[in-house]
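Residues per chain are reported as follows:
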Amino acid sequence: MTDMLHGTTSLVTGAGRGIGRAIARRLAAEGSRVAVHYGTNADAAAATVDEIRGAGGDAFAIGAELGVPGDVERLWAAFDEALGPGATLDVLVNNAAIGSSEPLATTTPEAFDRVFAVNVKAPFFLVQRGLDRIRDDGRIINVSSGVTRIALPETLAYSMTKGALNTFSFTLAHELGARGITVNAVAPGITDTDTNAAWLHGEARAHAASYSAFDRVGEPDDIADVVAFLASPAARWITGQVIDATGGSHLGAAGLR
Ligand code: NAP
């Protein structure tokens, strides 16, 4: 802990579990007051808040299901309720997302709309409706995915949502540079969270690990450290970038790591 985010406020969406929880913990450890957002799992968010407070940090939970009408308004209303009307924000991390494990042939229009609503529309309008709260020199960090670089046909619609987030980051960075706000995306590879819990064992885990130059799957803290760096003053000159955090996945030719 370096206290490099002392005096700041952060909001991490989907911070009750997985990568979001690790990001919330890490930003709090750097001295930021963290809004721990959750969709449906209030207990998980409360556990994240307890953990942060137990370690001497400052955090509070706010709930709002994303991808449904009125989602962003409810989220900002909960943020205001916790901190007072017009509260400002230094770091916004758009982490909450859902997966979709269907290829082109079997993806339904409903599933397509749903994954775009949660993964793209919600972050887009969260930023739009939150922009006047984000302080100059602030940070917007969007959690993308390595599948924007590594073709995975069985998650096509999901991969496309993350491609949209990359474009969002790059284009928004151009617009917000005048205010000193940086906008970047972080692209994890296969990471040990609930999303992968059903299959990330035994041989499948060893195979997944083999994608990385380091021969292991990612841990949520691997991603949180990258996000914390981007949130820090040290990253003030980095904007509009997609930071690959896949542990060097698929760097080699077929059959090589
Ligand atoms: P996870 O364990 O499945 O957790 C997802 C989080 O997002 C939960 O906190 C969940 O809240 C929230 N969330 C999901 N749908 C929501 C909705 N409709 N409204 C509000 N909140 C919602 O996910 P993860 O594996 O940590 O992934 C975090 C991010 O990393 C995602 O953007 C994901 O696409 C990206 N990523 C993950 C991997 C990986 O291998 N794990 C790889 C590349 C990229 P509740 O708990 O309240 O439901």
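Preceding this section is the structure that the text describes.
Right, let's walk through the structure included here. What you see is a predicted model; the values in this text were computed from it and never measured. (Residues numbered from 1 in each chain as written. Predicted model: local features only at pLDDT ≥ 70, side-chain atom pairs only at ≥ 80, totals over all residues. Heavy atoms only, no water.)

With that settled, consider the packing of aromatic side chains. Here the distance between the centres and the angle between the planes together describe a pair of aromatic rings. All told, the structure shown has five aromatic pairs when counted by the stated rule. The interplanar angle of 45 degrees and the centroid separation of 6.4 Å between the aromatic rings of Phe60 and Phe79 together place this pair among those described as tilted. In this pair, Phe60 sits in strand β3 (residues 58-63) while Phe79 sits in helix α3 (residues 71-83), placing the two residues 19 residues apart along the sequence. The pair formed by Phe60 and Phe79 is uniform in burial state, with each residue classed as buried. Geometrically, the ring pair formed by Trp76 and Phe79 is edge-to-face, given 5.4 Å between the ring centres and 90 degrees between the ring planes. With Trp76 and Phe79 both in helix α3 and three residues apart, the pair spans about one turn of that helix. Each member of the pair, Trp76 as well as Phe79, is classed as buried. Ring-pair connections join several aromatic residues into one group, and the members of that group are Phe60, Trp76 and Phe79. (Phe/Tyr/Trp six-rings, centres within 6.5 Å; stacked < 30°, edge-to-face > 60°. Helix = DSSP H or I, 4+ residues; strand = E, 2+ residues; numbered from the N terminus. Buried < 20%, exposed > 50% of the residue type's maximum accessible area, 1.4 Å probe, protein only.)

Here we take up the pairing of β3. Moving residue by residue along a regular strand, the side chains alternate between the two faces of the sheet. In the sheet, strand β2 (residues 33-38) pairs with β3 via six bridges, with the strands oriented parallel. The residue bridging Arg33 from the neighbouring strand is Asp58, located in β3. Since β2 and β3 lie parallel, the crossover through helix α2 (residues 42-54) that links them has a hand, and here it is right-handed. (Pairing = 2+ DSSP bridges. Right-handed = clockwise from strand over helix to strand, strands pointing away.)

Turning to the packing of helix α1 (residues 18-29) against helix α7 (residues 220-231), a few remarks are in order. Relative to each other, α1 and α7 sit at 45 degrees, their axes nearing to 8 Å. Classified by the angle between their axes, α1 and α7 sit oblique to one another. Considering the relative orientation of α1 and α7, their crossing is right-handed. Between α1, through Gly18, Ile19, Ala22, Ile23, Arg25, Arg26 and Leu27, and α7, the contact on the second element is made entirely by Pro220, Asp221, Ile223, Ala224, Asp225, Val227, Ala228 and Ala231. Considered class by class, the residues forming the contact of α1 with α7 number ten nonpolar, one polar and four charged. (Axes fitted to C-alpha atoms, helices over the stretch in contact; angles between N-to-C directions. Parallel < 35°, antiparallel > 145°, perpendicular 65-115°, else oblique. Left-handed = near helix turned anticlockwise from the far one by under 90°. Contact = heavy atoms within 4.5 Å. Nonpolar A, V, L, I, M, F, W, Y, C, P; charged D, E, K, R; others polar.)

Our next topic: the site of the ligand. Residues in close proximity to the ligand total 33 residues, the closest being Arg17, Leu66, Asn95, Tyr158 and Thr193. Within the complex, the protein chains bury 91% of what would otherwise be the 890 Å² of accessible surface of the ligand. If you list the elements that add at least two residues to the shell around the ligand, you get α1, β2, α4 (109-130) and α5 (156-176). Residue composition of the shell around the ligand, by class: 13 nonpolar, 15 polar and five charged. (Near = heavy atom within 4 Å. Areas by Shrake-Rupley, 256 points an atom, 1.4 Å probe, with all protein chains shown as cover.)

Counted at 1.5 Å a residue, the expected span for α7 with its twelve residues is 16 Å, and the 16 Å between its end C-alpha atoms agrees. Every buried residue of α7 is listed here: Pro220, Ile223, Ala224, Val227, Ala228, Leu230 and Ala231. Angularly, the buried residues of α7 cover 160 degrees about the axis, an arc narrow enough to put them on a single face. (Expected span 1.5 Å × (residues − 1). Arc of directions from axis to C-beta.)

On to the environment of Arg135, then. Locating Arg135 in the fold gives a position in strand β5 (residues 134-143). Exposure remark for Arg135: the relative accessible area of 37% places this residue in the partly exposed category. Not counting the four nearest positions on each side in its chain, Arg135 is found in contact with Thr88, Leu89, Asp90, Arg179 and Ile181. Looking at Arg135, its side chain comes within polar contact range of the side chain of Thr88, at 3.0 Å. (Polar contact = N/O pair within 3.5 Å; in protein donor to acceptor, adjacent residues only side chain to side chain.)

A complete count under the given rule lists one cavity of 30 Å³ or more for this structure. Quantified by volume, the largest cavity comes out at close to 30 Å³. When residues of the lining of the largest cavity are assigned to their parent elements, the largest contribution, four residues, is made by α4. When the residues that make up the lining of the largest cavity are grouped by side-chain class, the tally is six nonpolar, two polar and no charged. (1 Å grid on protein atoms, 1.4 Å probe; cavity = no way out; pocket = protein on both sides within 12 Å on 5 of 7 lines; lining within 4 Å. Points joined across faces, edges and corners; volume = space filled by probe spheres on them.)

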